[in-house]
Amino acid sequence: MTDDSPFRQVGQPVRGGIVCVVDHASSHVPADIDLGIAPELLDKHIAVDIGVEGVAERMARRHAIPAHIARVSRLVCDLHREEDAPGVVPETSDGHLIPGNIGADVERRLARFHRPYHAALGEWLDAARPGLVIALHSFTPALESGGAARPWEVALLYNRDDRAARHAIRLFADLGLTVGDNQPYSGKQLNATMDRHAEARGRPYLTIEIRQDMIAHEADQARWADIVADVAHRTALALDQD
């Protein structure tokens, strides 16, 4: 991995174990890319899934769940989109115009960020042969552009394969949490990374969305790392018994 790599990896996978993938972990914008936005927007959910990097780091270092972590903002190139998706280099996000992306060289962004990220992720997963993949995201309590409040504290998203999600929904609910089932949006419409690297390969997975105010601070990130790791391990055990 080089300093300008679009990803980093923390921890070493164990064959048949659990791994974590974090597509929206970073708000980093390379110095040679000008998005034309106010700097403070890079601290908002349009640029980064707030809190997930800290959760993933703790899961890797304290719970032996290694992580493949993005190192570039979703505003530069959205790694959780198909290459031909309109928003892979977004021109707007939650009501904010991204002027530097209008007329951008999308092919160059894909070659520089998207393809190396997914090629490395594919190789990493093929070598690990994990028993369970966690795709970790976070969501804002309410969109700036409008819409209903999002009351779920944690949510499970899935497309066709809901084997692991069904177990995790029950396990999170048993902890007294308000759990979204394909909310606040559906994995049947947006599940690009897991569609490619999990469903297409028959790998059980959990796409976990945590509400951002639940993991905004380090203490909360540590707590949620414990929670997610515990639910993931119990889900893996349940899958073995299915």
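About the criteria used
- Residues numbered from 1 in each chain as written.
- Predicted model: local features only at pLDDT ≥ 70, side-chain atom pairs only at ≥ 80, totals over all residues.
- Heavy atoms only, no water.
- Axes fitted to C-alpha atoms, helices over the stretch in contact; angles between N-to-C directions.
- Helix = DSSP H or I, 4+ residues; strand = E, 2+ residues; numbered from the N terminus.
- Parallel < 35°, antiparallel > 145°, perpendicular 65-115°, else oblique.
- Left-handed = near helix turned anticlockwise from the far one by under 90°.
- Contact = heavy atoms within 4.5 Å.
- Nonpolar A, V, L, I, M, F, W, Y, C, P; charged D, E, K, R; others polar.
- Pairing = 2+ DSSP bridges.
- Core = buried A, V, L, I, M, F, W, Y, C linked by side-chain atoms within 4.5 Å.
- Buried < 20%, exposed > 50% of the residue type's maximum accessible area, 1.4 Å probe, protein only.
- Disulfide = S-S within 2.5 Å.
- Expected span 1.5 Å × (residues − 1).
- Bend = angle between axes of the 7 residues up to and from the residue.
- Polar contact = N/O pair within 3.5 Å; in protein donor to acceptor, adjacent residues only side chain to side chain.
- Salt bridge = Lys/Arg side-chain N within 4 Å of Asp/Glu carboxyl O.

**Student:** In this structure, what is going on with the packing of helix α1 (residues 52–63) against helix α5 (residues 218–241)? I would like to understand it.
**Tutor:** Think of two packed helices as two axes; the pair is described by the angle between the axes and how far apart they sit. Orientation of α1 relative to α5, taken along the N-to-C sense of each, is 60°, at an axis distance of 8 Å. Judged on the interaxial angle alone, α5 and α1 are oblique. In this structure, α1 meets α5 at a crossing whose hand is right-handed. Mapping the contact onto sequence places Gly54, Val55, Arg58, Met59, Arg62 and His63 in α1 and Glu218, Gln221, Ala222, Trp224, Ala225, Asp226, Val228, Ala229 and His233 in α5. Its residues placed into classes, the contact of α1 with α5 shows seven nonpolar, four polar and four charged.

**Student:** When you look at the sheet that holds strand β1 (residues 7–10) in this model, what are you seeing that I'm missing?
**Tutor:** Here we have seven strands laid out as an open sheet, ordered β1-β3-β2-β6-β9-β7-β8, and mixed in their pairing. Edge positions in the sheet fall to β1 and β8 (179–181), since each has one partner strand and no second. Sheet twist, expressed as the average angle between the axes of neighbouring strands with direction ignored, equals 20°. Here strand β7 (residues 154–157) runs beside β8; their pairing, made up of three bridges, is parallel. Looking across to β8, one finds that Leu156 is bridged to Asp181.

**Student:** Got a minute to help me understand the nonpolar core in this structure?
**Tutor:** With 72 residues, the main nonpolar core has Ile134, Leu136, Phe172, Ile208 and Trp224 as its most contacted residues. Setting aside residues up to four positions removed in sequence, Ile134 forms contacts with Ile18, Val19, Cys20, Val21, Met59, Ile65, Leu206, Ile208, Val228 and Ala232.

**Student:** Teacher, can you tell me more about the state of the cysteines here?
**Tutor:** Disulfides are covalent bonds that link the sulfur atoms of two cysteine residues. According to the stated counting rule, one finds zero disulfides in the structure shown. For Cys20, which is in no disulfide, the shortest distance to another cysteine sulfur is to Cys77 and amounts to 20 Å. Since its relative accessible area comes to 0%, Cys77 is described here as buried.

**Student:** Where do I start with helix α2 (residues 106–128) in this structure?
**Tutor:** The first and last C-alpha atoms of α2 sit 31 Å apart over 23 residues, in line with the 33 Å expected at 1.5 Å per residue. Largest kink in α2: about 35°, centred on His114, with the proline Pro116 one to four residues after it. Of the residues making up α2, those classed as buried are Arg109, Leu110, Phe113, His114, Tyr117, His118, Ala120, Leu121, Gly122, Trp124, Leu125 and Ala128. Here the buried face of α2 lies against β1, β2 (18–22), β3 (67–70), β6 (132–139) and α4 (192–197). Put simply, Asp105 is the residue that caps the front of α2, since its side-chain oxygen is 3.3 Å from the backbone nitrogen of Glu107.

**Student:** Even after reading the chapter, I still don't get unusual backbone geometry, so can you show me in this structure?
**Tutor:** Cis geometry marks the peptide bond from Gln183 to Pro184, where omega comes out at 10°. Mapped onto the elements of the fold, Pro184 is located in the loop between β8 and α4. Phi at Ala64 takes a positive value of approximately 55°, unusual for a residue other than glycine. Looking at the secondary structure, you find Ala64 in the loop between α1 and β3. Phi is positive for Asp94, which is not a glycine, with a value near 45°. The residue Asp94 is located in the loop between β4 (92–93) and β5 (96–97) in this model. You can call Asp94 buried: its relative accessible area is 15%.

**Student:** Is there a simple way to explain the pattern of salt bridges in this structure?
**Tutor:** Pairs can form between side chains of opposite charge whenever their charged atoms are close. The final tally for this structure, using the stated rule, is 17 salt bridges. One salt bridge connects Glu57 with Arg61, and the closest N-O pair in it is separated by 2.9 Å. Taken together, the residues span about one helical turn, with Glu57 and Arg61 both in helix α1 at a distance of four residues. Look at Glu57 and you get buried, because its relative accessible area is 17%. When salt bridges with common partners are traced through the structure, they connect Arg8, Glu53, Glu57 and Arg61 into a single cluster.

**Student:** It is not clear to me how the pairing of β6 should be interpreted in this structure. Could you clarify?
**Tutor:** Side-chain direction in a regular strand flips from residue to residue, so the side chains alternate between the two faces of the sheet. The buried fraction of β6 is high, at eight of eight residues. Residues of β6 alternate between two faces, with Leu132, Ile134, Leu136 and Ser138 on one and Val133, Ala135, His137 and Phe139 on the opposite face, all of them buried. By the bridge criterion, four bridges tie β2 to β6 in an arrangement that is parallel. If you follow Cys20 over to β6, its bridge partner there is Ile134.

Such coordinate-based values are descriptive only and should not be taken to indicate function.
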